[in-house]
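What the coordinates show
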Amino acid sequence: MNAAPRERNFRDEELLADVIERLIGDVRHVAVGNASPIPATAALLVRERGKGRPYVSLLQSRKHNFFTDGARELFDCAGQGRIDVFFLSGGQIDGQGNVNLVSTGDYAHPKVRFPGSFGSAYLYYVVPKVILFRTEHSRRTLVSRVDFISAPGTSQANVYRSGGPIALVTNRCLFSFANGRFVLTSVHPGHTIDEVVENTGFDFEKPATVPQTPAPSSETLALMREIVAPQLAEVYPQFAMQVFGIGPAAFAR
Amino acid sequence: MNAAPRERNFRDEELLADVIERLIGDVRHVAVGNASPIPATAALLVRERGKGRPYVSLLQSRKHNFFTDGARELFDCAGQGRIDVFFLSGGQIDGQGNVNLVSTGDYAHPKVRFPGSFGSAYLYYVVPKVILFRTEHSRRTLVSRVDFISAPGTSQANVYRSGGPIALVTNRCLFSFANGRFVLTSVHPGHTIDEVVENTGFDFEKPATVPQTPAPSSETLALMREIVAPQLAEVYPQFAMQVFGIGPAAFAR
Amino acid sequence: MGKVVTAQHRAIVQATMFQLAKSIDDAIAPIVDGCMLVVPREVSGVPMAATRALIRRGVKRLHLVALPTSSMQADLLIGTGSVETLETSAVSLGEFGPAPRFAAAIISGAIKMKDATCPALHAALQASEKGVPFMPLRGLIGSDVLKYRNDWKVIDSPFGNADPIVLLPAIKPDVALIHAPMADQFGNLWIGRQRELATMAHAADKTIATVEKIHEGNLLDDPTLAAGTLPGFYIESIALAERGAWPLGLPDFYVADSDHLAEYARMAATTEGFADYLERYVYERRAA
Amino acid sequence: MGKVVTAQHRAIVQATMFQLAKSIDDAIAPIVDGCMLVVPREVSGVPMAATRALIRRGVKRLHLVALPTSSMQADLLIGTGSVETLETSAVSLGEFGPAPRFAAAIISGAIKMKDATCPALHAALQASEKGVPFMPLRGLIGSDVLKYRNDWKVIDSPFGNADPIVLLPAIKPDVALIHAPMADQFGNLWIGRQRELATMAHAADKTIATVEKIHEGNLLDDPTLAAGTLPGFYIESIALAERGAWPLGLPDFYVADSDHLAEYARMAATTEGFADYLERYVYERRAA
């Protein structure tokens, strides 16, 4: 990969997609949920580079969706071990990797209600690489302890679990997840370690030196903008327009 | 129904189909297995009279088969309570209504091996009206105790069971089944009670008077021969030819 | 007696077995107050016209099961006070934001919420499809979704060694309400890839459908169409409803009306705005 | 770097992702001695050409699962000594009589038989499809099918009151071998209504298919065809095999060769006749 130019010639979303692309690695099938345009960008980027590998299933797409057995097939497929990578966000995420997609406050009398757990209480257990992402990195979202565990970051040894979180990508940094804890892995250009500490509600491991997240290469940016972005417009029209300036016309491409 | 003519103007298969037609009654869905041309005749006859009701699913047919969810749908459908009538035969049938489709002698070292239990170990429990039929009425087939219970005639009170046998139709007579026992209900024209007793390996109830099975009416015979038989030719070509003289040409009808 | 029905006549009598409903209102009559109603997710053919008809009729106390999630349909039914219990994995307007009436009803305690997770709902419907009292499912253990569902049980798998697994009780809806591209006059319904609609129909006691159009001939006669067809013996009633999913889309046929959904999100954000929305788009039958 | 892949180029690189096998022999290479192989019932597309190729290759010690029954395919594999364990609900030649090699092998004890009942096999495959260790099933209690299956367990349903129910352990085949009307160059397979083929593919580690023809274009692009399509990510290899189900039929495409099946029934009735049959129709590749 070429060195990135020193001046900032990319948008935050492009940086995050580039980070996620590297996390995906060499796999066979990546599934992307409904409200995940940045992970979708990353997955399509991996597929471009892999000459068609991996399968990328964008769950709300028709063109990028290979499922023909109804809405249950994603979950069955994951249960079979055929989904290698999935993405989860959360109203709250805590330092143990627990995610909350339900509500804050007492469950019986909540303060804020989120949409609900979707498939997290299953997929988090059975997809080998679950990548957490949250573009709002704050003490409101990254908390010491979630108010409701939609899906736990780790499980007891005798609980069947073939998957779980491997990383958390935010607008400020990348954490990796191992042994039940987050480790600060890199800080994005324009952000600092102190800022990450200040805005994170949970404790995390901080190595002696924390590198800066590399900027996307010009080749990556070109691929993303010219090849991937038009493919996003079907499922994420607003995102494709705002980030890449791609209007509905590109859809037909 | 008109009285049958005194002279015998029908074949055994037509009599048996007529008997089975009455057993089917007014229902919503009748399913007919692979090797059951006489029950298929009866079911199609009921459908003709019912102006399209009930649904008749001939499992090996394309034209008379409404299932689109694969081979499991019949069983799922029966589990849902949507199959009202099914037919079973058996290498052996005993006086408790147990059927044996597996083997004679010791299971580990059998004397004769039959094809296997098919769906009997499930359907016998969940289809409200299972009609047993066996065109060979002998002490070899109707036995005191089957060597292998593919499916039991009755179950203990706490075993989930919404279905079971209601009758046994043979080439000699009709038995009804109630309270765990067969009752001789009618003897077919040309056969006698003594002959039934002599050729039956199990005990059964014998009312003081046992009527003769009524012969099929001329209207029934006409319907069977002119309307039903051509529909049978797709699935049971040999039967349609032998019993009704219907060749493959009628298939296109 | 010798007079027998001709083959031509046969086709006619078979056709009379199933009757298309005269109206959406007629079709939805079996959805009575207090019943358990299952509806599909937002990309599977949501019967929005039928939903508006239900609201106009004033349906009450529904136990609404959204398989496995819902968007505007659940929000509307909740906002109109039609729902007593909601069982689903999420309600959201997607890129148009949170589902405002859903969130408000949870905060105020106006509905009883049974939070689930998508595969659990699929499995619980499949239990009814298979006529079994429960289905096992991996995951869930350690989740608060399980903690608050005292109708879900954890057993030690008899095939494992200290291997806990969750058993989910079967969900057996009284009615499945769906919208599909087409039906034929025999009551067969073409659902294509949306096979959760088949599971819903198999699991439910009765299935009611609205469709975009009536297919001439029998859908089961063509092997290619038959592969995506739900056979008529699962179907209670069918009514024609062109653009019956509007303002949601019907995949492969028409896309969602984004402008209208944005308008809904804006209006439904307040009680007053929601009342205006109903007046304008539901009770006025403008879109029915 | 500014040089980017064109949209046209994209179509080409995607096409290279899946490679059709050069021959049936190549396609069936993953079916190794001792593996668990699942095959479909006689009306669902039985890969007979591939079965003959397996026999010519001398496959041994198969754990053959016939979902839920079999006819000539199981009989052939048993007669050639390729099967160690057979798990199915019935083997029969239908109107051509009993399956002679099957019956002989049971009587002589040459194979280990795991007698099942149709819905139990479907449910056990669905357990693997859903990634659960077992599936519950009604019926069975009091049947000798259950009595002789010590791998099946009876539990007291935690949702009932002294309500016994059978749990069936998941069947997870190494390979599913099927025959279908068509595939495309992306590895997608059109299976139509034979949805047990989908369950087999979902449950098995690898799926191998033979097909009548290669469809131009992508089967998933057409919503009507897509409804009957098994997506390529389940598929390990595909080989072209015209009339690949012969002498059995392929529903909606061609009927069974009754004369040949009658001949098989007659010849396979004796060991010598069966050997002659193999010589003439299997080893000679006359029909391969």
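Presented here is a report on the structure given in the accompanying data block. (Residues numbered from 1 in each chain as written. Chains lettered and ligands numbered in written order. Predicted model: local features only at pLDDT ≥ 70, side-chain atom pairs only at ≥ 80, totals over all residues. Heavy atoms only, no water.)

To continue, consider the overall build of chain C. Across its full length, chain C holds 11 helices and 12 strands. For chain C, buried positions account for 65% of its 288 residues. In chain C, 73% of the contacts between residues at least 6 apart in sequence involve partners at least 24 apart. Accessible surface computed for chain C: about 9900 Å², of which carbon and sulfur atoms make up 51%. Across chain C, 27 positive and 32 negative side-chain charges occur, with their mean positions spaced 3 Å apart. (Helix = DSSP H or I, 4+ residues; strand = E, 2+ residues; numbered from the N terminus. Buried < 20%, exposed > 50% of the residue type's maximum accessible area, 1.4 Å probe, protein only. Contact = heavy atoms within 4.5 Å. Areas by Shrake-Rupley, 256 points an atom, 1.4 Å probe, with all protein chains shown as cover. Lys, Arg positive; Asp, Glu negative; His and termini not counted. Charge placed at Lys NZ, Arg CZ, Asp CG, Glu CD.)

With that settled, consider the packing of helix 6 (residues 118-130) of chain D against helix 8 (residues 196-203) of chain D. All names here are of chain D. For the pair helix 6 and helix 8, interaxial distance at closest approach is 7 Å and the crossing angle is 50°. Classified by the angle between their axes, helix 6 and helix 8 sit oblique to one another. In this structure, the crossing between helix 6 and helix 8 has a hand that is left-handed. When helix 6 is examined against helix 8, the residues His122, Leu125, Gln126, Ser128 and Glu129 are found in contact with a partner set consisting of Glu196, Ala198, Thr199, Met200, His202 and Ala203. Looking at the contact of helix 6 with helix 8 residue by residue, the class counts come to four nonpolar, five polar and two charged. (Axes fitted to C-alpha atoms, helices over the stretch in contact; angles between N-to-C directions. Parallel < 35°, antiparallel > 145°, perpendicular 65-115°, else oblique. Left-handed = near helix turned anticlockwise from the far one by under 90°. Nonpolar A, V, L, I, M, F, W, Y, C, P; charged D, E, K, R; others polar.)

At an RMSD of 0.0 Å, chain D and chain C line up after a rotation of 180° and a shift of 0.0 Å along the axis. This pairing of chains is accounted for by a two-fold axis. When the interface residues of chain D are mapped onto chain C, 100% of them are again interface residues, pointing to one common binding face. (Least-squares fit on C-alpha atoms with pLDDT ≥ 70 in both.)

On to the interface of chain A and chain C. Listed per partner, the contact involves 37 residues of chain A and 43 residues of chain C. A buried area of about 3300 Å², summed over both sides, lies between chain A and chain C, and 57% of it is on carbon and sulfur atoms. Summed over the three residues of chain A that lose the most area to chain C, namely Arg62, Arg72 and Arg113 of chain A, the buried surface amounts to 22% of that side. Ionic pairing is found between Asp115 of chain C and Arg113 of chain A, a salt bridge with its closest N-O pair at 2.7 Å. For the interface between chain A and chain C, the tally reads 17 residue pairs in polar contact (both at pLDDT 80 or more). For the side of chain A that touches chain C, a count of residues per class yields 19 nonpolar, 12 polar and six charged. (Buried area = accessible area lost by both parts, 1.4 Å probe. Salt bridge = Lys/Arg side-chain N within 4 Å of Asp/Glu carboxyl O. Polar contact = N/O pair within 3.5 Å; in protein donor to acceptor, adjacent residues only side chain to side chain.)

Enumeration according to the criterion identifies 48 salt bridges over all chains in this entry. Among the ionic pairs, Arg195 of chain C bridges to Asp69 of chain B, the shortest N-O distance being 2.9 Å. Within this pair, whereas Arg195 of chain C is found in the loop between strand 9 (189-190) and helix 8 (196-203), its partner Asp69 of chain B is found in the loop between strand 2 (55-58) and helix 3 (73-79), the two belonging to separate chains. Both residues of the pair, Arg195 of chain C and Asp69 of chain B, belong to the buried class. Of the charged contacts in the structure, one is a salt bridge between Glu263 of chain C and Arg280 of chain C, with a shortest N-O distance of 3.3 Å.

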